[in-house]
Amino acid sequence: QVQLVESGGGLVQAGGSLRLSCAASGRTFSSYAMGWFRQAPGTEREFVAAISFSGGTTAYGDSVKGRFTISRDNAKNTVYLQMNSLKPEDTAVYYCAADLVYYSHRASEAARDYDYWGQGTQVTVSS
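Residues numbered from 1 in each chain as written. Predicted model: local features only at pLDDT ≥ 70, side-chain atom pairs only at ≥ 80, totals over all residues. Heavy atoms only, no water.

## Some thoughts on the sheet that holds strand S3 (residues 18-25)
Here is the rule: Here the rule is simple: two strands pair whenever DSSP picks up at least two bridges between them. Strands are runs of DSSP state E lasting at least 2 residues, helices are runs of H or I lasting at least 4, and numbering of each runs from the N terminus. Axis definition: a line fit to C-alpha positions, over the contact stretch in the case of helices; interaxial angles, taken between N-to-C directions, run 0 to 180 degrees.
The antiparallel open sheet is built from four strands, whose spatial order is S1-S3-S8-S7. Of all strands in the sheet, those with a lone pairing partner are strand S1 (3-7) and strand S7 (68-73), marking the two edges. In this sheet, adjacent strand axes meet at a mean angle of 15° when their direction is disregarded. Where S1 lies against S3, five bridges are found, and the strand directions are antiparallel.

Take a look at the structure:
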């Protein structure tokens, strides 16, 4: 079992920044990949970013490339999502997820590859 708890969401003006955190517990965090997804009302869950177990491989959704950065601190069992130049269309509930493919360089964009999910944190960007 893996427990994931997101934090850092909130209300920000367009052009601003937020940093989301996701604290993991229950398995050896440094052995598996992590991802961030988001879902706005009435839309499907969208891939945002992913990072491999070591941090050596990252992937980003097209809509966030160049603005968002995913990172991880394996000593703190935490993955981060730094979000800059936020736009109103970034408004959504953001979820972190764990992909228990141990010691793989995979940073998957597919939600079906993820085994555990957090409860989500709301990000609202005002225009």
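## Quick look at the packing of aromatic side chains
Rules: For this analysis, a ring pair means two rings from Phe, Tyr or Trp (six-membered ring only for Trp) whose centres lie within 6.5 Å, classed as stacked if their planes differ by under 30 degrees, edge-to-face if by over 60, and tilted for the remaining angles. Classification of residues uses two cut-offs on accessible area relative to the type maximum, computed with a 1.4 Å probe and protein chains only: under 20% is buried, over 50% is exposed, and between them is partly exposed. The rule for a charge over a ring is simple: NZ of Lys or CZ of Arg within 6 Å of the ring centre, and within 35 degrees of the ring normal.
If you walk through the whole model with that rule in mind, you get six aromatic pairs. Pairing Phe 29 with Tyr 32 gives two aromatic rings, centres 5.7 Å apart and planes at 80°, and the pair type is edge-to-face. Like Phe 29, the residue Tyr 32 is buried in the burial classification. Considering the side-chain rings of Phe 37 and Trp 117, the 5.1 Å spacing of their centres and the 55° angle between planes classify their relative orientation as tilted. On the criterion of sequence distance, the pair formed by Phe 37 in strand S4 (residues 33-39) and Trp 117 in strand S10 (residues 116-117) is long-range, its members being 80 residues apart. By relative accessible area, which is 1% here, Phe 37 ends up buried. What links up through ring pairs into an aromatic cluster is the set Phe 37, Phe 47, Tyr 114 and Trp 117. Lying over the aromatic face of Trp 117, Arg 45 brings its terminal NZ or CZ to 4.6 Å of the ring centre.

## Considerations on the environment of Gly 26
Within the element layout of this structure, Gly 26 appears in the loop between S3 and S4. In sequence terms Gly 26 and Gly 55 are 29 residues apart; their C-alpha atoms lie 20 Å from each other.

## Quick notes on the nonpolar core
Put simply, the test is: Note on terminology: a nonpolar core comprises buried Ala, Val, Leu, Ile, Met, Phe, Trp, Tyr and Cys residues joined through side-chain atoms within 4.5 Å.
Ranked by internal contacts, the top residues of the largest apolar core, which has 29 residues, are Met 34, Trp 36, Leu 81, Met 83 and Tyr 94. Ranked by size, the runner-up nonpolar core spans seven residues in total, among them Phe 37, Phe 47, Ala 107 and Tyr 114.

## Here's the deal with the state of the cysteines
Such a bond, covalent and formed between the sulfur atoms of two cysteines, is termed a disulfide. The condition that has to hold: Any cysteine sulfur atom paired with another within 2.5 Å is treated as part of a disulfide.
The final tally for this structure, using the stated rule, is one disulfide. Cys 22 shares a disulfide with Cys 96; S-S distance 2.0 Å. Its S-S torsion of approximately 50° makes the covalent link between Cys 22 and Cys 96 right-handed. Linking Cys 22 in strand S3 with Cys 96 in strand S9 (residues 92-99), this pair joins segments that are 74 residues apart in sequence.

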